[in-house]
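Working through the structure, step by step
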Amino acid sequence: MSRIALVTGGQRGIGLGIAEALIGAGYKVALAANVKPDAPEVCEALELLGGNAAYFSHDLQDVENCKNLFDQIADSFGAVSTFVSNAGVPAKVRGDMLDLQPDNFDFVFGINLKGAYFLAQEAARRMLKMPEETYRSLVFVTSVSAKMVSIERAEYCLSKAGASMMAKLFAVRLAPHGIGVFEIRPGIIETGMTAGVQDKYTARIEGGLVPAARWGYPADIGSTVVPIAEGQMAFATGSVINVDGGLAIPQL
């Protein structure tokens, strides 16, 4: 029986690293994002991942489309047993939190929290209908920003703190049914999203910000998701896993 995973934002960055790792472990992977199917990043991802991957367009802000997305995946691959909530957006504008505008706040929350919640809700509902001998899991990719403050992107930090609580809520609700729920908190990861601040963070990493003394890579996140998906950490449900090279460890 094929194991099916859905990775939101799986066409690039951290999501693509997760998709690569899952396909390497024998999964079929559905990628979902709000870009056109013929977008260069989608075509490149599918070429890299091969025949065990497929792409499905989905706008996280369109919460009415969640059922349709899962129906499409079921028709193409089968029932999703691993859901990775990875897609998200950064602050539209970095700046003084006292200047944050309501529209920018709503944009980030609409995707990172509302959209993520209702897609996870649909995943959970469907997993509850699957045989309990099939290990099922939800993985929420949040950020060290769920705990660490960046006052120039307040809405992003708030959304990730909310997503952290979302993972805990799903973990408690689904634990009696053998469905594992985990939160992964990436640190400073080298992706397109961080390209604009690469020089800034490279200097800070070289100055000792990250104990591991390097940038993180999407593959670092992917290698963490696989044992979760395979049920090797089933009794650790509800756990928060920092994948940040020690960045979040308080130091004197």
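Below is a summary of the structure that appears in this document. (Residues numbered from 1 in each chain as written. Predicted model: local features only at pLDDT ≥ 70, side-chain atom pairs only at ≥ 80, totals over all residues. Heavy atoms only, no water.)

Regarding the overall build of the protein
Counting its secondary structure elements, the protein contains seven helices and seven strands. Starting at the N terminus and ending at the C terminus, the protein contains elements arranged as β-α-β-α-β-α-β-α-β-α-β-α-α-β. Along the longest, intermediate and shortest principal axes, the C-alpha atoms of the protein span 50 × 35 × 35 Å. Of all 252 residues assigned to the protein, the portion counted as buried reaches 49%. Pairs at least 24 apart in sequence give 72% of the contacts found in the protein among residues at least 6 apart. On the protein, roughly 12,100 Å² of surface is accessible, and the fraction owed to carbon and sulfur atoms is 55%. Each charge sign in the protein was given a centre, from 21 positive and 26 negative side chains, and these centres are 6 Å apart. (Helix = DSSP H or I, 4+ residues; strand = E, 2+ residues; numbered from the N terminus. Buried < 20%, exposed > 50% of the residue type's maximum accessible area, 1.4 Å probe, protein only. Contact = heavy atoms within 4.5 Å. Areas by Shrake-Rupley, 256 points an atom, 1.4 Å probe, with all protein chains shown as cover. Lys, Arg positive; Asp, Glu negative; His and termini not counted. Charge placed at Lys NZ, Arg CZ, Asp CG, Glu CD.)

A word on the packing of aromatic side chains
Scanning all chains against the criterion turns up five aromatic pairs. Geometrically, the ring pair formed by Y117 and F170 is tilted, given 5.4 Å between the ring centres and 45 degrees between the ring planes. Of this pair, Y117 sits in helix α4 (residues 102-127) while F170 sits in helix α5 (residues 154-174), placing them 53 residues apart in sequence. By relative accessible area, which is 33% here, Y117 ends up partly exposed. Of the residues examined, F170 reaches a relative accessible area of 8% and is grouped as buried. The ring of F107 carries the charged tip of K92 above its face, separated from the ring centre by 4.5 Å. (Phe/Tyr/Trp six-rings, centres within 6.5 Å; stacked < 30°, edge-to-face > 60°. Lys NZ or Arg CZ within 6 Å of the ring centre and 35° of its normal.)

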